[in-house]
Amino acid sequence: MALTPAAAELLARLRVQYGELMFHQSGGCCDGSSPMCYPQGEFLTSEADVHLGDLVVVDPFSELAEAELADLALSGPAGPLGVGIVLDGDADAVDPGEATFTVPFWMSRSQFEYWSHTHLTVDVVPGRGSGFSVEAPEGVRFIIRSRLFSDDESAALAGQVL
């Protein structure tokens, strides 16, 4: 899994407003096939869901004064926050001095059966998504971009059990 810089930046801003976050993708009709972002714990997962991993986001707000934080929180999804992302488990890609936060990503087990052979990237696009996802009031929505795993990626994942 991965995040685009725009999605990482939006997550950093949403975290200021809502606290710790999580994703869930149900695979249902309409917006159910889009990842929904909730305050962590507001969506209850169960045995019917698969935890795909934790997206690690470099936190651009960790050292900012509150006044600067308030100004940046209003700058919009294309603001100059310098947000970085790290793929799940790639600790070497993060500078040890950088503050990060994680966003767990869950998917319904039935949806995962369809997507298990793909690399997923969380992105954000203009437009209104579901009213249940925290980015809805921003006039944007999260989407999933996918591609088939390469042979090397498939081989590396063959030994993992979810």
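Numbering of residues begins from 1 in every chain and follows the order in which that chain's sequence is written. In view of the model being predicted, local features appear only for residues whose pLDDT reaches at least 70, and side-chain atom pairs are presented and counted only at 80 or more, with totals across whole chains, interfaces and linings using the full set of residues. Water and hydrogen atoms were dropped before computing side-chain values, which therefore reflect all heavy atoms in the structure.

J.: Honestly, the pattern of salt bridges in this entry has me stumped. Any pointers?
T.: Should the charged atoms of two oppositely charged side chains come close, the side chains can pair. One side-chain nitrogen of Lys or Arg within 4 Å of one carboxyl oxygen of Asp or Glu is enough to make a salt bridge. This model, assessed by the stated rule, comprises five salt bridges. Between R145 and D123 there is a salt bridge whose closest N-O contact spans 2.6 Å. With R145 in strand β8 (residues 140-148) and D123 in strand β7 (residues 118-126), this pair connects stretches of sequence that are 22 residues apart. Using a relative accessible area of 10% as the deciding quantity, one classes D123 as buried. R147 serves as the salt-bridge partner of E153, at 2.9 Å between the closest nitrogen and oxygen. We call a residue buried when its accessible area falls under 20% of the maximum for its residue type, exposed when it is over 50%, and partly exposed in between, using a 1.4 Å probe and counting protein chains only. The partly exposed category is assigned to E153, whose relative accessible area is 24%. For R147, a relative accessible area of 39% gives the class partly exposed. In this structure, a network of salt bridges that share partners links the residues R15, E20 and D59. Starting at the N terminus, helices and strands are each numbered in turn, a helix being any DSSP run of H or I of at least four residues and a strand any DSSP run of E of at least two.

J.: Looking at this model, I keep getting lost on the pairing of β7. Mind explaining?
T.: Look at any regular strand and the pattern is simple: side chains alternate between the two faces of the sheet. For β7, the buried fraction is high: eight of the nine residues fall into the buried class. A strand pair is defined by DSSP finding two or more bridges across the two strands. Direction of pairing for strand β1 (residues 2-3) relative to β7: parallel, over a ladder of two bridges. Its bridge partner lying in β7, L3 is registered against V122. Where β7 meets β8, nine bridges bridge the pair, whose relative direction is antiparallel. Note that in β8 the partner of T121 across the bridge is R145.

J.: Any chance you could explain the confidence of the model for the protein here in plain terms?
T.: Close reading of the predicted structure is inappropriate where its pLDDT is low. Here the protein shows a mean pLDDT of 79. Residues at 70 or above account for 72%. Note on residues 65-92: pLDDT under 50 across the span, and 42 contacts to partners over four residues away in sequence or across chains. Predictor confidence is given residue by residue as pLDDT, running from a minimum of 0 to a maximum of 100. Contacts: residue pairs with any heavy atoms within 4.5 Å of one another.

J.: Can you walk me through the nonpolar core in this structure?
T.: Generally speaking, soluble globular proteins have nonpolar side chains that are buried together. We define the nonpolar core as a collection of buried residues of types Ala, Val, Leu, Ile, Met, Phe, Trp, Tyr and Cys that are connected through side-chain atoms lying within 4.5 Å of one another. If you look at the biggest cluster of nonpolar residues, it comprises 29 residues, and the most contacted ones within it are L3, L11, F23, L52, F105, V122 and F142. Put simply, the parts of the chain that give this core at least two residues each are α1 (5-18), β2 (21-25), β4 (49-58), β6 (100-108), α3 (109-115), β7 and β8. The dominant element in this core, judged by the number of residues it contributes, is α1, at six residues. Discounting residues that sit within four places of it in the chain, F105 has contacts with M1, F23, Q25, P35, V50, H51, L52, G53, L55, V122 and I144.

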